[in-house]
Amino acid sequence: MASLFDGTGQTTCNGQNSSNDLPFFGQSCWDDTGWLVTVTPGALEVTKAVWIIFVTVAILTLNILMIVVLHSQHHSRYLRQQPRMFMTSLACTDLAVGLFVTPFSVFPALYRCWPFGRFVCAMEALLISALFHESTLALMCVAIDRYICIAFPLQYHTWMTRKVCLTMILSSWFFSVTAYCVMIYPSGHYYFDSDGIQVCEPYYANKTIIILACTLFFFPPLIIILFCYVVILYIARKQIRTVYVAPSTIDDNIRQCSCVQEIQTKEKIRNYRSALTVAAIALGFVAGVTPWTMTQLITSVLESSPSSDLEFTVTWIAVSNSFWNPIIYGVLNKSFRSIAFNIIYRIFWKAQRPFDPNAIATNAHLETNGR
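Every value quoted in this text rests on a predicted model; they were computed, and no experiment measured them.

A. Layout of helix α6 (residues 162-184). A rise of 1.5 Å per residue sets the reference length of α6, with its 23 residues, at 33 Å; its end C-alpha atoms lie 33 Å apart and thus fit the reference within 8%. The set of residues buried in α6 consists of Cys 165, Met 168, Ile 169, Ser 172, Ser 176, Ala 179, Tyr 180 and Ile 184.

B. Seen up close, the environment of Phe 341. Among the structural elements, Phe 341 can be located in helix α11 (residues 334-349). Along the sequence, Phe 341 and Gly 330 sit eleven residues apart, while their C-alpha atoms lie 9.8 Å from each other.

C. Region of interest: the packing of helix α1 (residues 43-70) against α11. In contact at an axis separation of 10 Å, α1 and α11 are set at 115° when each is read in the N-to-C sense. As the angle between them shows, α1 and α11 are arranged roughly perpendicular. In the crossing of α1 with α11, the sense of the turn from one axis to the other is right-handed. The segment α1 lies against α11, with Leu 65, Met 66, Val 68 and Val 69 engaging Phe 336, Ile 339, Ala 340, Ile 343 and Ile 344. Its residues assigned to classes, the contact of α1 with α11 comprises nine nonpolar, no polar and no charged.

D. Structural detail: the environment of Ile 327. Turning to its location among the elements, Ile 327 is positioned in helix α10 (residues 324-332). Relative accessible area serves as the criterion here: at 40%, Ile 327 is assigned to the partly exposed category.

E. A look at the side chain of His 133. Positionally, His 133 belongs in helix α4 (residues 117-151). For His 133, a relative accessible area of 7% puts it in the buried group. Here Tyr 180 takes part through its side chain, which lies 2.7 Å from a polar atom of the side chain of His 133. If we skip the residues at most four places from it in the chain, His 133 touches Ser 176, Tyr 180 and Phe 217.

F. Local environment of the state of the cysteines. Taken as a whole and assessed by the stated rule, the structure comprises two disulfides. The residue that forms a disulfide with Cys 121 is Cys 200, at a sulfur-sulfur distance of 2.0 Å. Its S-S torsion of about -110° marks the bond between Cys 121 and Cys 200 as left-handed, since a negative value means left-handed. In this pair, Cys 121 sits in helix α4 while Cys 200 sits in strand β2 (residues 200-202), placing the two residues 79 residues apart along the sequence.

Rules behind the numbers
- Residues numbered from 1 in each chain as written.
- Predicted model: local features only at pLDDT ≥ 70, side-chain atom pairs only at ≥ 80, totals over all residues.
- Heavy atoms only, no water.
- Helix = DSSP H or I, 4+ residues; strand = E, 2+ residues; numbered from the N terminus.
- Expected span 1.5 Å × (residues − 1).
- Buried < 20%, exposed > 50% of the residue type's maximum accessible area, 1.4 Å probe, protein only.
- Axes fitted to C-alpha atoms, helices over the stretch in contact; angles between N-to-C directions.
- Parallel < 35°, antiparallel > 145°, perpendicular 65-115°, else oblique.
- Left-handed = near helix turned anticlockwise from the far one by under 90°.
- Contact = heavy atoms within 4.5 Å.
- Nonpolar A, V, L, I, M, F, W, Y, C, P; charged D, E, K, R; others polar.
- Polar contact = N/O pair within 3.5 Å; in protein donor to acceptor, adjacent residues only side chain to side chain.
- Disulfide = S-S within 2.5 Å.

Geometric values such as these leave the question of function open.
Put into structure tokens, the structure is as follows:
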């Protein structure tokens, strides 16, 4: 096997390329003769690898479960098509992290070298960046959808059609992938990060580019998300105060009118609770990703490097957010939780317990009425 550094010159001990201007690729696990060169991992390296394996298994298991539940016939009756599409896109993004990024971190975490070659390195640099920012854009799309649903309920089905939702999802994916393809592949600037993510990342020769990338890809979507949910909470609180109070008369016309009003009130409460759920997911994303983003910004401005332990910690807190969403959704949504438990029970115990839609309906009714 040829060395990873063939055609790019030799690499000096301080991590700089001695023969051209390409950024330092990183420590290869192969020597010039094609032999695998590794060292015995210590306790810290084993701990990091175990954590990465745990995160990977959690991402794969929980996001597959979330996709299955979201599209089950029992849960679909409690969630509109539009938010289900956006939540599925978000779950697929997180699932892709567990399929195509974190598994490649286990070996490098143990041996602090990159064994997979330049092509895989370039692909990892693209995926880790594109998927990270696609998660941000997916949460922004969910926030916009919930904002329109709460603020403009009469126009919601006209504005947020299936075609519009699909266009938003595909556009966010196209933008995320294209932006990093342009930044990474023409220049060939990527490197193996042996301290943080343990896979390859884009290399930015200019610190200003790092600041601009973090600022443009993180803060504008964050501002939109916060604006949408602040407005949602404000409007929802006003709507909750106008909940239906049954009239004392028994006139049939009044009763019929009151029934319609009651249905509308329950719909408003359901939308409000749905907005709170996805707001909690967005808050979890902000809590998980902000430490990493701020670390990148601060170290870029100060032109210093964080310690290896700090970089690993903030990076993998951000990555672990990929399995938080199903947990948050399950905690706050009773019908989702009931269906998920039923699926898990049938998978692991192979029980033929009959599924009771009435139980789910009862849970949803209690949830709608806030009991």
